[in-house]
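# Coordinate analysis (summary)
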Amino acid sequence: MDVKEYEKLLDKAYGELPEILKEYSRFVIPRIEARIQGKVTVIHNLGEVSKIINRKPDMLAKYLLREFGTMGSRDDQRLLMKGQFRQHQIQEKFEEFLNLYVICPECGRPDTRIIQEMRVNFLKCEACGSRHPIGVIKAAPRKEKRPEIGDVITLHVTQTGKKGDGVAKMGKYIIFISNAREGQRVKAKIKNIQGTMVFAEAVEILS
Ligand SMILES: [Zn+2]
């Protein structure tokens, strides 16, 4: 049975489930509970949220601290961050984390885990079986360079887009590269930018 047929069967089975079960199987993005207390911001449910998304609280804490360029400390449940950050800012960063390290880019489900092979981390999806290389979260705050039209940048193509383009990630930017294939390292020239979507053309294949 091919994948398409299998998916059709799944859809059919899903359609026959009672409503209540559907509710449970739909992924609801958890809400970060954060409050500013004087000069620090406290995330009250880091532990709980990490459990729901099946990631280590340390990983999420590290990501948030790096993204906000600040320091902090945590206990079992809470994360204290130096500085004042609003709930919606933190929620936004948290959802970015989900997209990078939890949600399967292939099927959109959160049933993934992180595996390491040959010192490369992969997001492995339990639902559809796909595997995508992911970056390592660096502890030090990183100044993000804004890509500009005309820039030539070196990229590692980590995915294949729907139209067959190579896809790479650079910070919050997703770069679609024509004439590039998954697995290649390329020099690419930026042709167009729309928000966090960048369109580029490979000008040199490095490896
Ligand atoms: Zn998947």
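Residues numbered from 1 in each chain as written. Predicted model: local features only at pLDDT ≥ 70, side-chain atom pairs only at ≥ 80, totals over all residues.

## Focus on the overall build of the chain
The number of helices and strands found in the chain is five helices and 13 strands. Taken across its 207 residues, the chain has 19% of its residues classed as buried. A sequence separation of at least 24 residues applies to 40% of the contacts in the chain between residues at least 6 apart. (Helix = DSSP H or I, 4+ residues; strand = E, 2+ residues; numbered from the N terminus. Buried ≥ 20, exposed ≤ 12 C-beta atoms within 10 Å, placed from the backbone. Contact = placed C-beta atoms within 7 Å.)

## Brief notes about the sheet that holds strand β4 (residues 79-82)
Ordered in space as β1-β2-β4-β3, the four strands form an open sheet in which the pairing is antiparallel. In this open sheet, the two strands that pair with only one neighbour each are β1 (34-37) and β3 (72-74). On average, adjacent strands in this sheet sit at an angle of 20° to one another, irrespective of strand direction. Where β1 lies against strand β2 (residues 40-43), four bridges are found, and the strand directions are antiparallel. Bridge pairing links Arg35 to Val42 in β2. (Pairing = 2+ DSSP bridges. Axes fitted to C-alpha atoms, helices over the stretch in contact; angles between N-to-C directions.)

## A look at the sheet that holds strand β7 (residues 131-134)
Pairing in this open sheet of three strands is antiparallel, and the strands run β5-β6-β7 from one edge to the other. Strand pairing shows two members of the sheet lacking a second neighbour, β5 (112-117) and β7, which therefore form its edges. Sheet twist, expressed as the average angle between the axes of neighbouring strands with direction ignored, equals 35°. Bridge count for strand β6 (residues 120-125) against β7 is four bridges, and the pairing is antiparallel. Residue pairing across strands places Phe122 opposite Pro133, the latter belonging to β7.

## Some words on the packing of helix α3 (residues 46-53) against helix α4 (residues 57-68)
Running from N to C, α3 and α4 point in directions that differ by 110°, and their axes come no closer than 9 Å. Viewed along their axes, α3 and α4 adopt a mutual orientation that is roughly perpendicular. As α3 runs across α4, the sense of the crossing is right-handed. Contact residues: α3 offers Leu46, Gly47 and Ser50, while α4 offers Pro57, Leu60 and Ala61. Residue classes in the contact of α3 with α4 are distributed as four nonpolar, two polar and no charged. (Parallel < 35°, antiparallel > 145°, perpendicular 65-115°, else oblique. Left-handed = near helix turned anticlockwise from the far one by under 90°. Nonpolar A, V, L, I, M, F, W, Y, C, P; charged D, E, K, R; others polar.)

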